[in-house]
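The residues making up each chain are set out below.
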Amino acid sequence: MIKVNYQNALSQEELFNKKSAILEAYEVLTKKTGAGNDFLGWLRYPVEYDKEEYARIKKAAKKIQEESEVLVVVGIGGSYLGAKAVIEALKDYFPLNKSIEIVFAGHTLSSTYMHQLLKYLENKEFSVNVISKSGTTTEPAIAFRLLKELLEKKYGEKANSRIYATTDKAKGALRVQANELGYETFIVPDDVGGRYSWFTAVGLLPIACAGVDIDLLFKGAFDAMNDAYQLPFEENMALQYAGCRNILYNKEKFIEILVSYEPKLSFISEWWKQLFGESEGKDGVGIFPASLVYSTDLHSMGQYVQEGKRLMFETVLKVNNPEEDLVLREAASDLDGINYLAGKKLSEVNDKAMVGTALAHVDGGVPNIMLELEQVDAYNIGYLLYFMMFSCGVACYMQHINPFNQPGVESYKKNMFALLGKPGFEELGETLKKRL
């Protein structure tokens, strides 16, 4: 379970005064009466998932692990961020045991990145999981075409058996190609948007390949779902987090910084930024999601957080039980001046840095919410991600915003297509050229 501590952000009275508005948004979400309700398949997914496909994901992951040194996951946005977040959070910083390497492509148009990836794969046994509902999104489409060429050059007729397509169940360019060439396929559910899809096949296949216990991951999401649905407001942490954010927004705290003191959680923050940024940031409203890793970023951004524009609040991910720990010893010479720490655990030093920083920032006018999770493991990460999605849905409906569309994302695509000369965009292309 996630514990929300908001004592350094607002009073219990302020939050409880907001109870009726929070519960109204909760009803809109859970009864599926709000805008975008045709994309709420994720709400009950921990109990309504496709059991047959889930078993096939495990089987495919085992096959990929046995025949490949590297799995290349091709996708952008929600098609890769969820898997990346879970894998980075749960893998060792410096793995000692040989295991399959998960790398990502199709999330950037960098020619250098793609060229070096292809060179790296030339002498590796590898497979590809391409994730795209349409198969025509520019970034992953380019990456997949290049990777497919390398697979065919390296494996010939057997190349297609190393391609796994996660796509629409019936239509789209990737579905057509998969059917024609015999790729094993998994489904992007029609009623689950990309940023909410990490526990569908979109995220589960690469996560399972990385060796994560997806049963535990699912159990965490299942328990988070039950808690979000069933616990009364006074005990419902997902609702309280959504309410805290809304109250702070109304106090003109327009930036939320998600802070972690464990570097491996940095991609949880990247996933979270897409979740809240795309869901909430529209119609001229919404909190801007940012992220920092402390204590590292205290030596770069700490000055601004302490004394810059007072537009922000912090939400801190606190891990109560670290995976590993060290005890600091006294040195014969105290030239570095840290003998006073002798006998203390390094986790205690990290914890005191967290508490000291929170108090300093609160004194500097930056409210602080703390989200406590017991430890970093598959269960707790599964719980955390569902918790965040549910809170996001409630927060958006409190703002009367559709959490499940992203119309602004299309603007850059239209301009890019026009400037590249894509058929059908000629008129816009001429208009843009006059502006250059």
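What counts and what doesn't
- Throughout this document, residue positions are counted from 1 along each chain, in the order its sequence is written.
- Reporting in this predicted model follows two pLDDT cut-offs: at least 70 for local features of residues, and 80 or more for side-chain atom pairs to be given and counted; totals over whole chains, interfaces and linings ignore these cut-offs and use all residues.
- Side-chain numbers here rest on the full set of heavy atoms in the structure, without hydrogens or water.
- By definition, any uninterrupted DSSP run of H or I lasting at least four residues is a helix, any uninterrupted run of E lasting at least two residues is a strand, and each is numbered from the N terminus.
- Note on exposure labels: buried denotes an accessible area under 20% of the residue type's maximum, exposed denotes more than 50%, and partly exposed covers the range between, all computed with a 1.4 Å probe on protein chains only.
- Contact between two residues is taken to exist if any of their heavy atoms lie within 4.5 Å; hydrogens are not considered.
- Using the Shrake-Rupley algorithm and a 1.4 Å probe, accessible areas are obtained, with residue cover drawn only from the displayed protein chains.
- Residues counted as positive are Lys and Arg, residues counted as negative are Asp and Glu, and His and the chain ends are not counted.
- Lys charges are placed at NZ, Arg charges at CZ, Asp charges at CG and Glu charges at CD.
- In the sections that follow, a salt bridge refers to a side-chain nitrogen of Lys or Arg positioned within 4 Å of a carboxyl oxygen of Asp or Glu.
- In what follows, a disulfide is any cysteine sulfur pair within 2.5 Å.
- A pair of strands is considered paired only if DSSP assigns at least 2 bridges between the two.
- Crossover handedness is defined by viewing with both strands directed away from the observer: a clockwise path from the first strand over the helix to the second marks the crossover as right-handed.
- Between the N-to-C directions of two axes lies an angle of 0 to 180 degrees, each axis being a line fitted to C-alpha atoms and, for a helix, fitted only over the stretch in contact.

Here we look at the overall build of the chain
- In terms of helices and strands, the chain carries 17 helices and 10 strands.
- Viewed in the frame of its principal axes, the chain has a C-alpha envelope of about 65 × 60 × 50 Å.
- The burial tally for the chain puts 49% of its 436 residues in the buried class.
- Long-range contacts, defined as pairs at least 24 residues apart, comprise 79% of the intrachain contacts of the chain with a sequence gap of at least 6.
- Counting every atom, the chain has about 20700 Å² of accessible surface; 53% of that belongs to carbon and sulfur.
- If the 48 positive side-chain charges of the chain are averaged to one point and the 58 negative ones to another, these points end up 5 Å apart.

Observations regarding the pattern of salt bridges
- Summed over the entire model, instances satisfying the criterion amount to 26 salt bridges.
- Here K58 ties to D215 by a salt bridge, and the two come within 2.9 Å at their closest N and O atoms. Taken together, the residues K58 in helix α4 (residues 51-67) and D215 in helix α10 (residues 214-230) connect sequence positions 157 residues apart.
- Overall, the relative accessible area of 40% leaves D215 in the partly exposed class.

Quick notes on the state of the cysteines
- If you walk through the whole model with that rule in mind, you get 0 disulfides.
- Just so you know, C244 is unpaired, no disulfide at all, and the nearest cysteine sulfur is the one on C392, 15 Å from it.
- Summary of cysteine pairing: C392 is not part of a disulfide, and the nearest cysteine sulfur, belonging to C396, is at 4.1 Å.
- Owing to a relative accessible area of 0%, C392 belongs among the buried residues under this scheme.

Looking at the pairing of strand β9 (residues 312-319)
- Most of β9 is tucked away: 7 of the 8 residues are buried.
- The pairing of strand β7 (residues 255-260) with β9 spans 6 bridges and is classified as parallel. Residue pairing for β9: S260 is matched across the bridge by L317.
- One crossover worth recording links β9 to the parallel strand β10 (residues 368-373) by way of helix α14 (residues 346-363), and it is right-handed.

Here we look at the sheet that holds strand β3 (residues 101-105)
- Within the open sheet, the 5 strands sit side by side as β3-β2-β4-β5-β6. Their pairing is parallel. The strands lining the two open edges of the sheet, one partner per strand, are β3 and β6 (184-187). Looking at each pair of strands side by side, their axes are set apart by 20 degrees on average, direction ignored.
- The pairing of strand β5 (residues 163-167) with β6 spans 4 bridges and is parallel. Within β6, the position partnered with A165 by the bridge is T185.

Some details on the environment of E324
- Structurally, the position occupied by E324 is in the loop between β9 and α14.
- Between the C-alpha atom of E324 and that of S347, which follows or precedes it by 23 residues, the distance is 8.6 Å.

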